[in-house]
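# Report on the structure
Take a look at the letters that make up each chain.
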There are 4 protein chains.
Amino acid sequence: MIIVMKPEATTEDARQILDRIEALGLKPLHMPGSERTVLGAIGNERAIASLRLEGHPKIERVTPILAPYQLVSRELHPHDTIVKLGEHSVGGGKFTVIAGPCSVEGLEEFSKTAAVVREAGGHALRGGAFKPRTSPYSFQGLGEQGLQIMQQVGQEVGLPTVTEVLDVSDIELIADHVTAFQVGSRNMQNFRLLRALGQQQKPVLLKRGMAAKIEDLLLAAEYIVTEGNSNVILCERGITTFETATRNTLDLNAIPFIKQRSHLPVLVDPSHGTGRRELVTPMALAAAAAGADGIIVEVHHDPSNALSDGQQSLYPEQFADLMKRLAAVADAVGKELA
Amino acid sequence: MIIVMKPEATTEDARQILDRIEALGLKPLHMPGSERTVLGAIGNERAIASLRLEGHPKIERVTPILAPYQLVSRELHPHDTIVKLGEHSVGGGKFTVIAGPCSVEGLEEFSKTAAVVREAGGHALRGGAFKPRTSPYSFQGLGEQGLQIMQQVGQEVGLPTVTEVLDVSDIELIADHVTAFQVGSRNMQNFRLLRALGQQQKPVLLKRGMAAKIEDLLLAAEYIVTEGNSNVILCERGITTFETATRNTLDLNAIPFIKQRSHLPVLVDPSHGTGRRELVTPMALAAAAAGADGIIVEVHHDPSNALSDGQQSLYPEQFADLMKRLAAVADAVGKELA
Amino acid sequence: MIIVMKPEATTEDARQILDRIEALGLKPLHMPGSERTVLGAIGNERAIASLRLEGHPKIERVTPILAPYQLVSRELHPHDTIVKLGEHSVGGGKFTVIAGPCSVEGLEEFSKTAAVVREAGGHALRGGAFKPRTSPYSFQGLGEQGLQIMQQVGQEVGLPTVTEVLDVSDIELIADHVTAFQVGSRNMQNFRLLRALGQQQKPVLLKRGMAAKIEDLLLAAEYIVTEGNSNVILCERGITTFETATRNTLDLNAIPFIKQRSHLPVLVDPSHGTGRRELVTPMALAAAAAGADGIIVEVHHDPSNALSDGQQSLYPEQFADLMKRLAAVADAVGKELA
Amino acid sequence: MIIVMKPEATTEDARQILDRIEALGLKPLHMPGSERTVLGAIGNERAIASLRLEGHPKIERVTPILAPYQLVSRELHPHDTIVKLGEHSVGGGKFTVIAGPCSVEGLEEFSKTAAVVREAGGHALRGGAFKPRTSPYSFQGLGEQGLQIMQQVGQEVGLPTVTEVLDVSDIELIADHVTAFQVGSRNMQNFRLLRALGQQQKPVLLKRGMAAKIEDLLLAAEYIVTEGNSNVILCERGITTFETATRNTLDLNAIPFIKQRSHLPVLVDPSHGTGRRELVTPMALAAAAAGADGIIVEVHHDPSNALSDGQQSLYPEQFADLMKRLAAVADAVGKELA
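As a starting point, this report considers the structure included with it. Just so it is clear, the structure is predicted and the values come from calculations on it, not from any experiment.

### Focus: the interface of chain B and chain C
Contacts between chain B and chain C engage 22 residues on the former and 22 residues on the latter. Of the roughly 1,900 Å² buried between chain B and chain C, counting both surfaces, carbon and sulfur atoms make up 66%. Across the contact surface, chain B and chain C share 2 salt bridges. In this structure, E75 of chain C engages R36 of chain B in a salt bridge whose closest nitrogen and oxygen atoms are separated by 2.5 Å. Viewed at the interface, chain C and chain B are joined by 4 residue pairs in polar contact (both at pLDDT 80 or more).

Take a look at the structure:
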């Protein structure tokens, strides 16, 4: 940890801080300069955090040297984590496609879309039963009935299922019906929920928050892994920027950046990341080329009648076409769509 | 609602949509142009939402005319809402100061800070018992013990108390100990929590999310009011932008914008909004001048030893000085600090 | 154009505006609603702009229907524009690679890097002679000497050259030495410069500004084309967001979005777009998969001694490797790297 | 300067870098840690910049200790700079109001608005003759004729004048007609223009770029001061964020942040900063409370017929009202509106 003192700090101020650093068993460093004095503390940075130097009136800036996350870091755990989604493996050379409607709208509707996904070669089904909606006047999902539909249809087509969890109190119910949990971007820092999901073993697809830095996403994953569940799949889904042409700005830079620092698999959601159907296919291909381990994408058997997110859902024939193109790009970068 | 058709849309496409509009009891409008056809639907826009036109393959854009919120809107309810915080009134010509430490750290510590707040003329105490922290390795709050301390100290100094609620399951416990709930920025779109807070009557201080537009904040408030609790106080606390000089960018534009559109009182949090102690006082004064109904501010009896957010907590003498200056600015804009 | 009146607007207010619309030869539309009156003006939107309705005290909002750009739009000109860079064609099925150092540092240095680019199959050379630098204390480029080096080396290796122009007064000098102009992101809205570049015929590579919406970029291109030069190549190079992991956020969504709306070729700059050498290759591949017409990328024969941008410049062997991988991805999406 | 090595860096790598630091006459520091080695270089940081360590393959991160600007810094020059605008002083306890239309539209129009400004107690006139417009189809200003009108009217009402300069080639012409230059946000990093303005002595009002950090603004000012002109006035005018309720997000945090670090006066532009007439007055008052040295604000004798920016221009009576309120707030924070 690097500590830059204010210009008005005295030698005595620096001495006191160095003493506190030493008292914690860390190695103190003193670098007096002509315009600023800089101190260093070498050792376990998490111990230094307890010094709470940020509030000190003579300290200008405190800069950590190490990343604040540990368990999700490649430095600690260099090999890729592979997360099992039913029989399917996410990560490790495979390119995974999770597809389905935004909301589960009914048995018939979900069956139709599931058949489309299955036929085109998708690996898992997505669908929302509990929907977080910006407006209280929008459709909020079928709830438990939606979960039952997902379970029944998932079994019929032989595909694992993923659905969003909004609250700790729903975890058990959801676990009884689906293969994996999704934590939505609005809940990425719902730390109570993250901890609870860490205390069970089903896979968790953790979406990046709309204003979350990559580091925040990795720290959110760290909450889950710290509690004992390392079946975490990260998901880039677009961040909030000034650009209004797209609903969000899908930040593909995050893919290689995370892959170089963390062993967890990383998916991309080109549907929410763009909010526009006509951008979904090119951005899905770009995600594959950038090194993503897969995508989660919205498909609907009849988008113009979808109860939510119709404008970003692919038509069945568009999805089939996407799968073919993905196979080509995945192959070009040494991944396998299967 | 205004519906812009794609250039390739035919008269028949337009006709079908106009029929769907009419079937809902709304007034359809047809505006054929040389380059685009534009349709209109006049009437209850929330009914039109059920048409789900966004997903239609021949529609380029759908623009609502009315704001999506109703109950929190000044159009429906032109007079200022006044929210009672114990004996104190928030809104309606008063300028309210809620102050205290980031976290409740112990009985002695909280008592000392509470005495500072009381003496300088603060109107309510803030303090965190359940803390949402970006890193799992940071201090997470005293929990129930913190609530008990707040209750005891609040009664001793005769001030109402405000604390953050993280989860539906804590609502009852918190309600037993403090005067008002705070919903933090990370939970602004935790819709389950918002609904539950709408089903009880204690005041709710709702903080704007870091990536939330003003409209999203008003829709989040609408969730609470829809359920029956209109004791909602909005709070601007800084948004996420590219600027790194400050922890967040306190968006004071939101104050007059909201005051013109909503009847709810609006506070400002200059501590989180800037993340720097030396900016807290000028931004608190600016908030008062912009028309805010008050501030919620971090004060600590000894910031250089604070367990969290020390770098943005005011020293006791700084808080006393702030109160004097606030009185002058509030007076200049016709508000009363009392 | 759609005009939403304020709630307090009277029928007489609406009437006056409709009269002004009609007087311009446009078709006025009146849509009285229960909560708001909406007006429409059908016809040439650019004529309506002269009404300057935005300042009217009874008007709440004015929403255009048509895109504000014309000449760069695919609606007017559906076929892809192909821009000649010397013998090389940009656009139309080709994937172009423009490569070289950030700054031209000397004849020997530039020759070495040019040889690397040539050998690996690059199509054009980039290099800065006039450098816009955030700090007045940074290296500002070799100026005219740099241009002479570019000309000499370009002829020796047989590749066209591209360099940045900072000011109208440099246009002639630059035109005498290099094949194409680059307008940097800080000058994207230097309208005087854009107009002057529109009055000559050399190709212009126009980079998106860091806070520019896609629409702003297209309007900047429109400035050049309006003056008579349609040899414009657009370039996405990263926008300013809250994320600090990367220097900028490369916005690949812009690629398909622009390709669907404009006939101009679109390149991507993965070097400035990420600011990190280790992200350049994956993002270049992603750009190709997203449908870009090429990249402009920083390569240096010895990045650890580069006078500027060393941290984002590829090593010679990395560039050769990138070219091989690009060929595979370009092929997978039906483009040719040649 | 702090240099964090990559985990794979060897002792030899560190040694080489320390040697380069020492060779420059700086004091090298070696801090080997268990997970990372950290190096320091104490002394003139601008000399270290020539080491160009950012491109080194074994270096993870380079963090400067000192601010990159010098001449504009309060550390070097602790007392407030006062800039003379004709007879009027900007800075140093005065609160300055510069007001006028967006564009100079004609002699009669400008005279009318100037009379409004004069009568209400404004200190200087603003007006655009050369207008930077996003679209080539918008009104681009009267050019030289506009300058003549400004000169004539300024003399008639006895107020100094400020106008925007777009290009180096216009400097002389503008200097002949008006009192001070304005550099618009789109030109904040037009370094050629900044240098040229530094080589003359008329005051320069430098507006913050829409994607510029505060540090970038101070470095832009440094360009002007380095050339010899210290008559620089900084101006916060709103930054680009995700919020669409306002045209820009006026970042008042910048006021106290800059005032604590720089000796230059700081104004605020609440007209462009919000883009909405009804927010101008509250944000102008907030700017005064936050410690700004003044405002530059758009007023028009007839906003609903303004040729540009009508929606954010104050009516004459609104401007008079603003002046009265500003006097009260300025007084409350110890400044004088005169």
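So much for the structure itself; the text now carries on.
### Notes on the relation of the copies chain A and chain B
With an RMSD of 0.0 Å, chain A superimposes on chain B once it is rotated by 180° and translated 0.0 Å along the axis. Classification of the inter-copy transformation places it as that of a two-fold axis. Closest approach to the rotation axis among the C-alpha atoms of chain A is made by A211 of chain A, whose C-alpha sits 2.7 Å away. Interface overlap between copies is the fraction of interface residues in one copy that are interface residues in the other; for chain A against chain B it reaches 100%, indicating a shared surface.

### Overview of helix α4 (residues 144-157) of chain C
All names here are of chain C. With 14 residues, α4 should reach 20 Å at 1.5 Å per residue; the first-to-last C-alpha distance of 20 Å fits that figure. Within the sequence span of α4, burial applies to G146, L147, I149, M150, V153, G154 and V157. Looking straight down α4, one finds its buried side chains confined to an arc of 160°; they lie on one side. Of the exposed residues in α4, the ones pointing more than 90 degrees away from its buried face are Q155 and E156. On its buried side, α4 packs onto α3 (107-120), β8 (124-126), β9 (161-164) and α5 (171-177). Of the residues one or two after α4, G158 is the one with positive phi, at around 70°.

### Here's the deal with the interface of chain A and chain B
The interface of chain A with chain B comprises 48 residues on the first partner and 48 residues on the second. Surface buried jointly by chain A and chain B totals about 3,700 Å² across both partners, of which 50% is contributed by carbon and sulfur atoms. Ranking the residues of chain A by area buried against chain B places R52, Y137 and R192 of chain A at the top, with a combined share of 18%. Remark: the boundary between chain A and chain B carries 2 salt bridges. Of the charged contacts, one joins R192 of chain A and D170 of chain B as a salt bridge, the two residues approaching to 2.5 Å between their closest N and O atoms. Our count for the chain A to chain B interface comes out at 14 residue pairs in polar contact (both at pLDDT 80 or more). Those elements that place two or more of their residues in the side of chain A that touches chain B are α6 (191-198) and α7 (214-226) of chain A. Its residues placed into classes, the side of chain A that touches chain B shows 18 nonpolar, 17 polar and 13 charged.

### Concerning the packing of helix α10 (residues 277-290) of chain B against helix α10 (residues 277-290) of chain D
Helix packing geometry: the angle between the two helix axes and the distance between the axes. Packing of α10 of chain B against α10 of chain D brings their axes to within 7 Å, and their N-to-C directions diverge by 155°. Comparing the axis directions of α10 of chain B and α10 of chain D gives the class roughly antiparallel. Every pair of crossing elements has a handedness; the one defined by α10 of chain B and α10 of chain D is right-handed. Residue-level contacts link P282, L285, A286, A289 and A290 of chain B of α10 of chain B to P282, L285, A286, A289 and A290 of chain D of α10 of chain D. Residues that form the contact of α10 of chain B with α10 of chain D fall into these classes: 10 nonpolar, no polar and no charged.

### Re the sheet that holds strand β7 (residues 96-100) of chain D
Within the closed barrel, the 8 strands sit side by side as β7-β8-β9-β10-β11-β12-β13-β14 (chain D). Their pairing is parallel. Pairs of neighbouring strands in the sheet enclose a mean axial angle of 25°, with direction left out of account.

### With respect to the pairing of strand β2 (residues 27-32) of chain D
Residues and elements named next belong to chain D. Pairing of β2 with strand β3 (residues 37-42), which is carried by 6 bridges, proceeds in the antiparallel orientation. From the neighbouring strand, L29 faces β3, where its bridge partner is G40. Counted along the chain from β2 to the antiparallel partner β3, the turn is 4 residues long.

### Comments concerning the sheet that holds strand β3 (residues 37-42) of chain C
Residue and element names in this part refer to chain C. With respect to topology, 4 strands assemble into an open sheet ordered β2-β3-β1-β4, the strand pairing being antiparallel. The open sheet has two edge strands with one neighbour each: β2 (27-32) and β4 (59-63). Between one strand and the next, the sheet's axes are offset by a mean angle of 15°, whatever the strand orientation. Each of β1 (2-5), β2, β3 and β4 touches helix α1 (residues 11-23); the most contacted strand, β2, lies at about 160° to it.

### Regarding the environment of S304 of chain B
Looking at the secondary structure, you find S304 of chain B in the loop between β14 (294-298) and α11 (316-332). Remark: the alpha-carbon pair of S304 of chain B and G55 of chain B, spanning 249 residues in sequence, is separated by 55 Å. When residues no more than four places from it in sequence are discounted, the contact partners of S304 of chain B are R20, R52, G55, H56 and P57 of chain A together with Y315 of chain B.

### Focus: the nonpolar core
Membership of the largest hydrophobic core comes to 155 residues, with the highest contact counts inside it found for L206 and F319 of chain A together with L206 and F319 of chain C. Excluding its chain neighbours within four sequence positions, the residues that come into contact with L206 of chain A are V183, M188, L194, L217, A220, A221, I224, V232, I233, L234 and C235 of chain A. Judged by nonpolar contacts, the second largest core, of 154 residues, contains A289 of chain B together with V97, L147 and L217 of chain D.

### Remarks on the environment of V72 of chain C
All names here are of chain C. Secondary-structure assignment places V72 in the loop between β4 and β5 (83-85). Note on V72: relative accessible area 0%, which makes it buried. In this structure the C-alpha to C-alpha distance between V72 and G154, which are 82 residues apart in sequence, comes to 30 Å. Sequence-distant contacts of V72, defined by excluding residues within four places in its chain, comprise L218, A221, E222, V225, R261, S262, H263 and L264.

### Observations concerning the packing of aromatic side chains
What the rule picks out here adds up to 4 aromatic pairs over all chains. Relative to Y223 of chain A, the ring of F191 of chain A lies with its centre 4.6 Å away and its plane at 25°, an arrangement referred to as stacked. Placement of the pair is F191 of chain A in helix α6 and Y223 of chain A in helix α7, with a sequence separation of 32 residues. Neither residue differs from the other here; F191 of chain A and Y223 of chain A are each classed as buried. Sitting over the ring of F130 of chain B, R192 of chain A keeps its end group 5.4 Å from the ring centre. Between the NZ or CZ atom of R261 of chain C and the centre of the ring of F257 of chain C, over which it lies, the distance is 3.6 Å.

### A short note on the packing of α6 of chain A against α7 of chain A
Residue and element names in this part refer to chain A. The contact between α6 and α7 brings their axes to 6 Å, and the two run at 40°. One element, α6, and the other, α7, form an angle in the oblique class. The two elements α6 and α7 cross, and the hand of that crossing is right-handed. Where α6 abuts α7, its residues F191, L194, R195, L197 and G198 lie against A220, Y223 and I224. Of the residues belonging to the contact of α6 with α7, the class tally is 6 nonpolar, 1 polar and 1 charged.

### As for the pattern of salt bridges
Inspection of every chain in the model, using the stated rule, returns 68 salt bridges over all chains. R74 of chain B serves as the salt-bridge partner of D80 of chain B, at 2.7 Å between the closest nitrogen and oxygen. A relative accessible area of 37% places D80 of chain B in the partly exposed class. We note a salt bridge from R325 of chain B to D321 of chain B, for which the minimum N-O separation is 3.1 Å. With R325 of chain B and D321 of chain B both in helix α11, this residue pair falls 4 residues apart, about one helical turn. Residue classification places D321 of chain B among the partly exposed residues on the basis of a relative accessible area of 31%. Taken together, the shared-partner salt bridges connect R208, E236 and D251 of chain A together with E243 of chain C into one network.

Criteria and thresholds
- Residues numbered from 1 in each chain as written.
- Chains lettered and ligands numbered in written order.
- Predicted model: local features only at pLDDT ≥ 70, side-chain atom pairs only at ≥ 80, totals over all residues.
- Heavy atoms only, no water.
- Contact = heavy atoms within 4.5 Å.
- Buried area = accessible area lost by both parts, 1.4 Å probe.
- Salt bridge = Lys/Arg side-chain N within 4 Å of Asp/Glu carboxyl O.
- Polar contact = N/O pair within 3.5 Å; in protein donor to acceptor, adjacent residues only side chain to side chain.
- Least-squares fit on C-alpha atoms with pLDDT ≥ 70 in both.
- Helix = DSSP H or I, 4+ residues; strand = E, 2+ residues; numbered from the N terminus.
- Expected span 1.5 Å × (residues − 1).
- Buried < 20%, exposed > 50% of the residue type's maximum accessible area, 1.4 Å probe, protein only.
- Arc of directions from axis to C-beta.
- Nonpolar A, V, L, I, M, F, W, Y, C, P; charged D, E, K, R; others polar.
- Axes fitted to C-alpha atoms, helices over the stretch in contact; angles between N-to-C directions.
- Parallel < 35°, antiparallel > 145°, perpendicular 65-115°, else oblique.
- Left-handed = near helix turned anticlockwise from the far one by under 90°.
- Pairing = 2+ DSSP bridges.
- Core = buried A, V, L, I, M, F, W, Y, C linked by side-chain atoms within 4.5 Å.
- Phe/Tyr/Trp six-rings, centres within 6.5 Å; stacked < 30°, edge-to-face > 60°.
- Lys NZ or Arg CZ within 6 Å of the ring centre and 35° of its normal.

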